[in-house]
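# Analysis of the macromolecular model
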Amino acid sequence: MKLLKCILTENDCCQTGRTIRPKGVMVHSTGANNPLLRRYVQPVAATPGREELLAQLGRNTNANHWNRPGLNVCVHGFVGRLADGTVAAVQTLPWNHRGWHAGTGASGSSANDTHISFEICEDDLTDPAYFGQAYRAAAELTAMLCQQYGLDPLADGVVICHQDGYRRGVASNHGDVYNWFPKFGRSMDDFRAEVVRVMDGESQEEDEMIFYKNLSDVPEYYQAAVGKAVDRGALNGTGDGELNVSEDLCRTLTVLDRLGKLD
Ligand SMILES: [Zn+2]
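The next thing to look at is the nonpolar core. Of all hydrophobic cores here, the largest spans 54 residues; its most connected members are Phe78, Val79, Ile120, Phe181 and Phe191. When residues of this core are assigned to their parent elements, the largest contribution, 11 residues, is made by helix H3 (residues 128-149). Aside from chain neighbours lying at most four places away, what touches Phe191 is Val27, Tyr135, Ala138, Ala139, Thr142, Val159 and Phe181. Listed in part, the 12 residues of the second largest apolar core include Tyr212, Val218, Ala225 and Leu253.

Let's shift gears to the pattern of salt bridges. Evaluated as defined, the whole model comprises 14 salt bridges. A salt bridge links Arg50 to Glu51; its shortest N-O distance comes to 3.3 Å. Assessed through its relative accessible area of 27%, Arg50 is described here as partly exposed.

Here we take up a nonpolar patch on the surface. On the surface, Val255, Leu256 and Leu259 cluster together into a nonpolar patch covering about 250 Å² of accessible area. As for its position among the elements, Val255 is in helix H7 (residues 247-258). The partly exposed category is assigned to Val255, whose relative accessible area is 40%.

Let us now look at the coordination of the zinc ion. Coordination of the zinc ion by the protein comes from His28 (ND1), His162 (ND1) and Asp176 (OD), over a distance range of 2.1 to 2.2 Å. The sequence pattern formed by the donor residues of the zinc ion is H-x133-H-x13-D. With His28 in strand S2 (residues 24-29) and His162 in helix H4 (residues 162-167), this pair connects stretches of sequence that are 134 residues apart. Both residues of the pair, His28 and His162, belong to the buried class.

It is worth spelling out the sheet that holds strand S3 (residues 77-81) at this point. Strands sit in the order S1-S4-S3-S5-S2-S6 across an open sheet of six strands; the sheet is mixed. Sheet topology places strand S1 (3-5) and strand S6 (159-161) at the edges, where each strand pairs with a single neighbour. With strand direction ignored, the average angle separating the axes of adjacent strands in the sheet is 25 degrees. Each of S1, S2, S3, strand S4 (87-91), strand S5 (115-120) and S6 touches H3; the most contacted strand, S3, lies at about 155 degrees to it.

By the element assignment, Gln163 lies in helix H4. In this structure Gln163 comes out as buried when scored by relative accessible area, which is 11%. Here the alpha-carbon distance between Gln163 and Asn96, two residues 67 residues apart in the chain, equals 22 Å. Sequence-distant contacts of Gln163, that is, excluding residues within four places in its chain, are made with Asn173, His174, Gly175, Asp176 and Tyr178. Within the local environment of Gln163, its side chain forms a polar contact with the backbone oxygen of His174, the two atoms lying 2.6 Å apart.

What follows concerns the state of the cysteines. Defined simply, a disulfide is a covalent bond joining two cysteines at their sulfur atoms. Overall, the coordinates contain zero disulfides when judged by the stated rule. Cys121 forms no disulfide, and the closest cysteine sulfur to it belongs to Cys6, at a distance of 13 Å. Here Cys146 stays unpaired: no disulfide links it, and the sulfur of Cys161, its closest cysteine neighbor, is 15 Å away. Residue Cys146 is classed as buried on the basis of its relative accessible area of 1%.

What follows covers the side chain of Gln91. Along the polypeptide, Gln91 turns up in strand S4. Take Gln91: its relative accessible area is 9%, and that puts it in the buried class. A distance of 2.9 Å separates the side chain of Gln91 from the backbone oxygen of Leu93, its partner in a polar contact. When residues no more than four places from it in sequence are discounted, the contact partners of Gln91 are Leu3, Leu4, Lys5, Cys6, Ile7, His76 and Gly77.

Reading guide: rules and limits
- Residues numbered from 1 in each chain as written.
- Predicted model: local features only at pLDDT ≥ 70, side-chain atom pairs only at ≥ 80, totals over all residues.
- Heavy atoms only, no water.
- Core = buried A, V, L, I, M, F, W, Y, C linked by side-chain atoms within 4.5 Å.
- Buried < 20%, exposed > 50% of the residue type's maximum accessible area, 1.4 Å probe, protein only.
- Helix = DSSP H or I, 4+ residues; strand = E, 2+ residues; numbered from the N terminus.
- Contact = heavy atoms within 4.5 Å.
- Salt bridge = Lys/Arg side-chain N within 4 Å of Asp/Glu carboxyl O.
- Patch = residues over 30% accessible without salt bridge, like charges linked within 9 Å, V, L, I, M, F, W, Y side chains within 5 Å.
- Areas by Shrake-Rupley, 256 points an atom, 1.4 Å probe, with all protein chains shown as cover.
- Donors = N, O, S within 2.8 Å, 3.2 Å for Na, K, Ca; no water.
- Pairing = 2+ DSSP bridges.
- Axes fitted to C-alpha atoms, helices over the stretch in contact; angles between N-to-C directions.
- Polar contact = N/O pair within 3.5 Å; in protein donor to acceptor, adjacent residues only side chain to side chain.
- Disulfide = S-S within 2.5 Å.

Now the structure itself:
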């Protein structure tokens, strides 16, 4: 999942400076047919990386984005389409900022005080390809947040959608995401299971050793050192033209190179 950062500093919510201790993640969907991130997310003059963000997001010429005062809503992130049509996530508030996304529920309390929130940009809710990509990116973002804050996505009340929050008495009565997910056979139970799959997959990857087949597959920051080892005949690979070098070895060679041992 590509994750950009464009904090909505001009939104009144951001100006409050209030923080929370995150106890969960609340998933929203926008309820409007516009999958483009730039509908909601735009940098202002002072936003770091403004030109790069505009290039990736595209320009919103309607002045209706959320990086402005006078709105009573703000979330921590969005999932939707970049200007090139690919699906990505954008962080729009510090994760531990107190967002304005849930309203107040029947219990008198609000998930604003406990949950990190993001909106998935809806399209016309009929495209399975967009749904699949947005659903997966949303699961990856949720998994990342659960990992970062030590949250169990299967524990009661941790990963919920806006409508779940309403039923639990901690959010206003909005239907999202049940206006969309069930159209493609997905429930919030399915979503939580997907989050777990992402988290399990990532911890497995950490245990697996990474190999690069050819010199061109080796990441740029290792290439000089690995190239020198090949040139000097110290690294011959498997003999059939393939290098098959592990990342560990690449790192070792890079250290040796810094010590001048490969020159
Ligand atoms: Zn909502």
